[in-house]
Amino acid sequence: MAIKTAPASFVQKTSEWVRKPKRIDANMPDYAKACKNFKWKNVEKEFDWSRTKKVNIVHEMIDRHAAGIGKNRVALYFWDPTPSALYPKGRDEKYTFMDLKKESSRFGGVLKKYKIKKQDRVAVFLPRTPELYISILGLHRIGAIPVPLFEAFMEAAIEDRLSDSEAAAIVTTKSLLKRVPLGKLPHLKHIFILAEGEASQANDETSLNIQMHDYHQEMEQASTQLEPIWMTVNDGLVIHYTSGSTGKSKGVLHRQYAMVGHYQTSKWVLDLRQDDVYWCTADPGWVTGTSYGIYGPWTLGISSVVLGGRFQPERWYQAIEKYQVSVWYSAPTAFRMLMSHGEASTKKYSFKSLRHICSVGEPLNPEALRWVRKVTGVAPHETWWMTETGMQIICNYRSGDFKIGATGKPFPGTYASVVDDAGKELPPNTLGHLVVRTGWPSMMKEIWKNKPKFDEYFRIKGWYLSGDTAYKDKDGFIWFAGREDDVIKTAGERVGPFEVESALVQHPAVAEAGVIGKPDKLRGHIIKAFISLRSGFGASDNLKKEISEFVRKNLAAHAAPREIEFCERVPKTRSGKIMRRVLRAWDQGLPVGDISTMEE
Ligand code: WTA
């Protein structure tokens, strides 16, 4: 990339600060001091495995707490007031650490019974329910690798992820199972199926040699005691599929050792302590929902809230009040949606319990920050990280002053910076690649079965290349500027244009498709598709709707284009690569720049 000075609009001339009292009661009271003395080796001592050499995250999250403080402490509060066939009054449940030990033992036993082995991949395709969390914990207990999948995924997305991970089993519901293309998944041997009212039809074997098991029936018969399988810190923990700018989504594999990073950042960034009630609003289909919805808070023994059902502003406010949430981790899009719902409804609820708020997924715009601060009395703090980094890397901290709009400073024990193409660090206010010095604890272990992709992240020696651009200011704050590639962040979710384009061209009317992110006030970006039609098809608004619906049904609702523009031809290079840069210029009505590589 061409290195340039950050545009004046980025460099905040009169920065607005969020000031903190000098003596603040925070787990990390002094950032500079914490950086100076920091050693990850010392964090390892917080885990039983540092003495026993027996590693399994489920022991550190659940069993060791169940044996002490957490016997009667609530680990999981679950609330979903939506009535369903199985739960006519909705669900309002609590699970102590001891309950989760028992339930995850049961599920571990069920998995063992069907010969699911250590490091086998098992997809978890469930709505946000206690069973989702119990399944993931059960998988950890037997050392298997969960592949959490968003409930919103449709057939094409499911097929890609199950076949790439060669998942041996899937845990899902009867209605979601309809989207699993059973005939196309040769590695899939077992389906654990949750009934949703009437009994599920667990037949022993289908014609495909896949066994179906009724989750609840199996759980009833299973023992509540099962010792975890012991592993090493390098064994696999979890795979999250995430999008890049080219190709299908990639499986980011993390290792057990990542817990060291989850633990310490949850302590110092989320500032979690024993008496907190913590609410991470992310689904475990996204890395935030595992690293900070499961691993971080539970390795610390903290009570967590999980809300089922769809996003509803007032229900969110109710949840904060109902559980007296003290630490809240959410995303800019959510804050903006709450904001657009209006301030009046916030007045009906009390947010007095909140003492700390963090935000992740995309830049937190100053307007949203100020609104949340006004309504709750607490300013949200930025945290920047990625599926690949596994843990928070650049953050604003509870104890320190920070500048509104700045992404923050590197977590103690990590080093992030802004460099040129050769890996040389750049002077202040110069835009460059946002990089992290390799070797932090939860750095991804591999890209599943794709070494060349993995190596691309490390092509500048000593650095992990994030794919983001940023600059550093003279005070050491890093400011996120944008993506270098074509990855789209829509409502905080990462969408690869290639996946959407591949879905689009399956539609009979679509000859070619090019997909970009178009800036949007509420969602950060929306997905916009440029489409050239096959002969015989005429452009119309109805066709746009039909095409968008087609992607929604085949891939996922959040990946469906919200805007479609028909064009004569989709601009490509002579080698056939879609020129999304040109599409972005078209969209904004800007000059297209150099098009010498464009095909005739
Ligand atoms: C973006 C997992 C600005 C960024 C957590 C990154 C952010 C991508 C922030 C990772 C932030 C995340 N400010 N941008 N605080 N946090 N991003 O893997 O572009 O779904 O590279 O996130 O999100 O997306 P992922």
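Being a predicted model, the structure only gives us computed values, none of them experimental. (Residues numbered from 1 in each chain as written. Predicted model: local features only at pLDDT ≥ 70, side-chain atom pairs only at ≥ 80, totals over all residues. Heavy atoms only, no water.)

## Details of the pattern of salt bridges
Applying the stated criterion across every chain, the model contains 49 salt bridges. Ionic pairing is found between Arg355 and Asp276, a salt bridge with its closest N-O pair at 2.7 Å. Remark: Asp276 occurs in the loop between α10 (258–268) and β12 (277–280) and Arg355 occurs in the loop between α13 (332–340) and β15 (356–359); sequence separation between them is 79 residues. Under the relative-accessibility criterion, Arg355 is labelled partly exposed at 21%. (Salt bridge = Lys/Arg side-chain N within 4 Å of Asp/Glu carboxyl O. Helix = DSSP H or I, 4+ residues; strand = E, 2+ residues; numbered from the N terminus. Buried < 20%, exposed > 50% of the residue type's maximum accessible area, 1.4 Å probe, protein only.)

## So, the sheet that holds strand β29 (residues 563–566)
Ordered by their spatial adjacency, three strands build an open sheet running β27-β28-β29, and the pairing between neighbours is mixed. In this open sheet, the two strands that pair with only one neighbour each are β27 (510–520) and β29. Going across the sheet, the axis of each strand differs from the next one's by a mean of 25 degrees, ignoring polarity. Sheet topology note: the β27/strand β28 (residues 524–533) ladder contains 10 bridges and is antiparallel. Opposite Asp520, over in β28, you have Gly524 as the bridge partner. On the sheet, helix α16 (residues 497–504) packs against β27 and β28 and is oriented at approximately 140 degrees with respect to β27. (Pairing = 2+ DSSP bridges. Axes fitted to C-alpha atoms, helices over the stretch in contact; angles between N-to-C directions. Contact = heavy atoms within 4.5 Å.)

## Focus on the site of the ligand
Taken together, the neighbourhood of the ligand is formed by 18 residues, with Trp286, Glu382, Thr383, Thr387 and Arg494 sitting nearest. One of the side-chain nitrogen or oxygen atoms of Thr387 is found 2.5 Å away from an oxygen atom of the ligand. Lys489 has a polar side-chain atom sitting 2.9 Å from an oxygen atom of the ligand. Here the ligand has 530 Å² of accessible area as a free molecule, and 99% of this is covered by the chains. Breaking the shell around the ligand down by element, the ones donating at least two residues are α11 (287–299), β16 (380–384) and β24 (478–483). Of the residues forming the shell around the ligand, the biggest block, three residues, is contributed by β16. (Near = heavy atom within 4 Å. Polar contact = N/O pair within 3.5 Å; in protein donor to acceptor, adjacent residues only side chain to side chain. Areas by Shrake-Rupley, 256 points an atom, 1.4 Å probe, with all protein chains shown as cover.)

## A closer look at helix α17 (residues 541–554)
Between its first and last C-alpha atoms α17 spans 20 Å; for 14 residues at 1.5 Å apiece the expected length is 20 Å, and the two agree. Among all positions in α17, only Leu543, Ile547, Ser548 and Val551 are buried. Buried residues of α17, viewed axially, fall in a sector of 135 degrees; they line one side. Across from the buried face of α17, at angles greater than 90 degrees, the exposed residues are Asp541, Asn542, Lys545 and Lys553. Looking at the packing, one finds that the buried side of α17 touches α16, β27, β28 and β29. (Expected span 1.5 Å × (residues − 1). Arc of directions from axis to C-beta.)

## Thoughts on the pairing of β15
Each regular strand carries side chains that alternate between the two faces of the sheet. Side-chain alternation along β15 places His356 and Cys358 on one buried face and Ile357 and Ser359 on a second face that is also buried. Note that strand β14 (residues 327–330) and β15 share four bridges and pair parallel. Across the sheet, Trp328 pairs through a bridge with Ile357, a residue of β15. Bridge count for β15 against β16 is three bridges, and the pairing is parallel. In the strand pairing of β16, Ile357 is matched with Pro380. You can see the chain leave β15, run along helix α14 (residues 366–376) and come back into β16, and the turn it takes is right-handed. (Right-handed = clockwise from strand over helix to strand, strands pointing away.)

## Considering the nonpolar core
Counting residues in hydrophobic clusters, the biggest one holds 141 residues, and the most contacted among them are Phe107, Leu162 and Trp298. A total of six residues in this core trace back to one element, the largest contributor, which is helix α6 (residues 130–141). Not counting the four nearest positions on each side in its chain, Trp298 is found in contact with Glu60, Met61, Ile62, His65, Ala75, Leu76, Phe97, Leu100, Tyr133, Leu137 and Ser304. In terms of nonpolar packing, the next biggest core, distinct from the first, is built from 37 residues, Tyr77, Val305, Trp328 and Phe351 among them. (Core = buried A, V, L, I, M, F, W, Y, C linked by side-chain atoms within 4.5 Å.)

## A word on the domain arrangement of the protein
What the domain assignment lists for the protein is domain 1 (87–230), domain 2 (244–483) and domain 3 (493–588). The gap between the C-alpha centroids of domain 2 and domain 3 is 29 Å. Taken together, the contacts link 16 residues of domain 2 with 10 residues of domain 3. Connecting domain 2 to domain 3 are one salt bridge. (Domains from an automatic or database assignment.)

## Some thoughts on the sheet that holds strand β5 (residues 121–125)
One open sheet holds the five strands; their spatial order is β6-β5-β7-β8-β9, and the pairing between them is parallel. Here the strands that pair on one side only, and so sit at the sheet edges, are β6 (145–148) and β9 (211–214). Direction aside, neighbouring strands of the sheet carry axes that sit 25 degrees apart on average. The sheet contacts of α6 involve β5, β6, β7 (169–173) and β8 (190–194), and relative to β5 the element is tilted by about 175 degrees.

## A look at the packing of helix α4 (residues 57–66) against α6
Describing two packed helices takes the angle between their axes plus the distance from one axis to the other. The contact between α4 and α6 brings their axes to 8 Å, and the two run at 125 degrees. It follows that α4 is oblique to α6 by the angle criterion. As α4 packs across α6, the resulting crossing turns out to be left-handed. Contacts from Ile57, Val58, Met61, Ile62 and Asp63 of α4 reach α6 at Leu137, His140 and Arg141. Broken down by class, the residue content of the contact of α4 with α6 amounts to five nonpolar, one polar and two charged. (Parallel < 35°, antiparallel > 145°, perpendicular 65-115°, else oblique. Left-handed = near helix turned anticlockwise from the far one by under 90°. Nonpolar A, V, L, I, M, F, W, Y, C, P; charged D, E, K, R; others polar.)

## Considering the environment of Ile404
By the element assignment, Ile404 lies in the loop between β18 (402–403) and β19 (409–410). In this structure, the C-alpha to C-alpha distance between Ile404 and His381, residues 23 residues apart in sequence, is 9.2 Å. Those residues in contact with Ile404, other than ones at most four positions away along the chain, are Glu16, Val18, Pro366, Leu369, Arg370, Arg373 and Trp479.

## Looking at the pairing of strand β23 (residues 463–472)
Here β23 lies mainly inside the structure; nine of its 10 residues are buried. The pairing of strand β21 (residues 430–437) with β23 spans five bridges and is classified as antiparallel. Looking at the pairing, His433 lines up with Thr469 of β23.

## Structural notes on the state of the cysteines
For the structure on display, the rule yields zero disulfides. As a non-bridged cysteine, Cys395 has Cys358 as the owner of its nearest cysteine sulfur, 7.4 Å distant. A residue is classified by how much of its surface remains accessible, and Cys395, at 1% relative accessible area, is buried. (Disulfide = S-S within 2.5 Å.)

## Some remarks on the environment of Asp120
Its location among the elements puts Asp120 in the loop between α5 (97–113) and β5. Excluding anything up to four places from it in sequence, Asp120 contacts Lys115, Ala144, Ile145 and Ala168.

## So, the packing of aromatic side chains
Going through the model one piece at a time under the given rule, you end up with 34 aromatic pairs. With centroids separated by 6.0 Å and ring planes inclined at 20 degrees, the aromatic side chains of Trp279 and Trp328 adopt a geometry described as stacked. Here Trp279 is found in strand β12, whereas its partner Trp328 is found in strand β14, with 49 residues between them in sequence. This pair shows no difference in class: Trp279 is buried, exactly as Trp328 is. (Phe/Tyr/Trp six-rings, centres within 6.5 Å; stacked < 30°, edge-to-face > 60°.)

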